[in-house]
Amino acid sequence: MSSKNSVTILYDPISPWSYIALALLKRNETAWKLDLKLQPAALGYIFQAAGNRAPLVVRNKGKMMAQEFRLFTDLYNIPVSDKAWTFSMEAQQKPPNSLPLTRFLMVVQQEESASVLEDVSLKVFHAVFAEGDTDLFAATANNDVDRLHSLVSSSLSKDKVKKYLDKSNTKEFKEYTKNEAKKYVEEWNAYGVPYMQIKRARDGKVMHFMGSDRFEVIAAWLGVPYKVSSQSKL
């Protein structure tokens, strides 16, 4: 039996709650003895397979989401830009299309090590939310190799970025992306992201947790200390 608590997190780069959840998992990785596995997944296809609806479809939910995102990033002292797309939800603006970027991350997962996927994913999340770089979604959709490579150059060569973009745009990989989302809905009961499957080290018990506001419960279930950031801005 492993001495570490295994955590697999489903995430989509459009998801502000995935940004927060991944930041908190990384922050507590050592103290909570986590074996962290990243699994990019297409949020739109998860919604579709689960019969769920995007927050923007419910007007008041979208407005509340923008407000709560600011509260949670302040609470946990996680950097966020005023230009982050999430804040446009108060004005009911349509979110960017994250599917091409998600597919790119899924190819990185297939072709590279877990450490490379983590590095690339963290850089993407930082660009989207800490820097407010919404244009990254369109650049990926337009196969802008130079633009994407400038972000992930420490992990991937330009040739690899082009190769992975090309693979992500094939008919076969697009179908794979949809089927993977359906699999997590059917096998894990996923209905959104971040969605976490956690296996507790001490007894091997597995639980699923949805959202970035479950960390106090997760800590209690794992039997580890839970602390809000001492640098909280609230």
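Shown above is the structure to which this text applies.
Residues numbered from 1 in each chain as written. Predicted model: local features only at pLDDT ≥ 70, side-chain atom pairs only at ≥ 80, totals over all residues. Heavy atoms only, no water.

A word on the packing of aromatic side chains. Applying the stated criterion to the full structure yields 14 aromatic pairs. Ring geometry for Trp32 against Phe215: centres 6.4 Å apart, planes inclined by 35°, an arrangement best described as tilted. Residue Trp32 is found in the loop between helix H1 (16-28) and strand E2 (34-40), and its partner Phe215 is found in helix H10 (residues 215-222); the two are separated by 183 residues along the sequence. Each member of the pair, Trp32 together with Phe215, is buried. Between the aromatic rings of Phe69 and Phe87, the centroid separation amounts to 5.8 Å while the plane-to-plane angle is 40°, which identifies the pairing as tilted. Pair noted here: Phe69 is in helix H3 (residues 59-75) and Phe87 is in the loop between H3 and helix H4 (99-111), with a separation of 18 residues, a long-range link. Within the aromatic cluster, the residues linked to one another by ring pairs are Tyr11, Trp17, Tyr19, Phe69, Phe72, Tyr76, Phe87, Phe125 and Phe129. The aromatic ring of Tyr184 is capped on one face by Lys183, whose charged end is 4.9 Å from the ring centroid. (Phe/Tyr/Trp six-rings, centres within 6.5 Å; stacked < 30°, edge-to-face > 60°. Helix = DSSP H or I, 4+ residues; strand = E, 2+ residues; numbered from the N terminus. Buried < 20%, exposed > 50% of the residue type's maximum accessible area, 1.4 Å probe, protein only. Lys NZ or Arg CZ within 6 Å of the ring centre and 35° of its normal.)

The subject of this paragraph is the pattern of salt bridges. Inspection of every chain in the model, using the stated rule, returns 14 salt bridges. Lys37 is the salt-bridge partner of Asp35, the closest N and O atoms lying 3.0 Å from each other. On the basis of relative accessible area, Asp35 is assigned to the partly exposed category, the value being 33%. A salt bridge links Lys183 to Glu180, with the shortest nitrogen-to-oxygen separation between them at 3.2 Å. (Salt bridge = Lys/Arg side-chain N within 4 Å of Asp/Glu carboxyl O.)

A word on helix H5 (residues 114-130). In an α-helix there are 3.6 residues to a turn, and that puts residues three or four apart on one side. Given a rise of 1.5 Å per residue, 17 residues ought to cover 24 Å, and the 23 Å separating the end C-alpha atoms of H5 matches this to within 8%. Within H5, the full set of buried residues consists of Val116, Leu117, Glu118, Val120, Ser121, Val124, Phe125, Ala127, Val128, Phe129 and Ala130. Phi for Gly132, located one or two positions after H5, is positive at around 70°. (Expected span 1.5 Å × (residues − 1).)

Let us look at helix H9 (residues 171-188). With 18 residues, H9 ought to run about 26 Å at 1.5 Å a step, and its terminal C-alpha atoms sit 26 Å apart, in line with that. Two residues or fewer after H9 comes Asn189, characterised by a positive phi angle close to 65°.

Before going further, it helps to spend a moment on the packing of H4 against H5. Where H4 contacts H5, the axes come no closer than 9 Å and their chain directions differ by 160°. Looking at the two axes, H4 sits roughly antiparallel to H5. The two elements H4 and H5 cross, and the hand of that crossing is right-handed. Within the contact between the two elements, H4 uses Leu101, Phe104, Leu105, Val108 and Gln109 and H5 uses Val116, Leu117, Val120, Ser121 and Val124. Broken down by class, the residue content of the contact of H4 with H5 amounts to eight nonpolar, two polar and no charged. (Axes fitted to C-alpha atoms, helices over the stretch in contact; angles between N-to-C directions. Parallel < 35°, antiparallel > 145°, perpendicular 65-115°, else oblique. Left-handed = near helix turned anticlockwise from the far one by under 90°. Contact = heavy atoms within 4.5 Å. Nonpolar A, V, L, I, M, F, W, Y, C, P; charged D, E, K, R; others polar.)

Turning our attention to the layout of surface pockets. Counted as a void, the largest pocket has a volume near 930 Å³. Lining the largest pocket are 37 residues; nearest its centre among them are Leu43, Phe47, Ala54, Pro55 and Met65. Mapped by element, the contributors of at least two residues to the lining of the largest pocket are H1, helix H2 (43-50) and H3. No other element matches H3, which puts five residues into the lining of the largest pocket. Taken together, the residues of the lining of the largest pocket break down into 22 nonpolar, eight polar and seven charged. (1 Å grid on protein atoms, 1.4 Å probe; cavity = no way out; pocket = protein on both sides within 12 Å on 5 of 7 lines; lining within 4 Å. Points joined across faces, edges and corners; volume = space filled by probe spheres on them.)

These results come straight from atomic positions and should not be treated as a statement about function.
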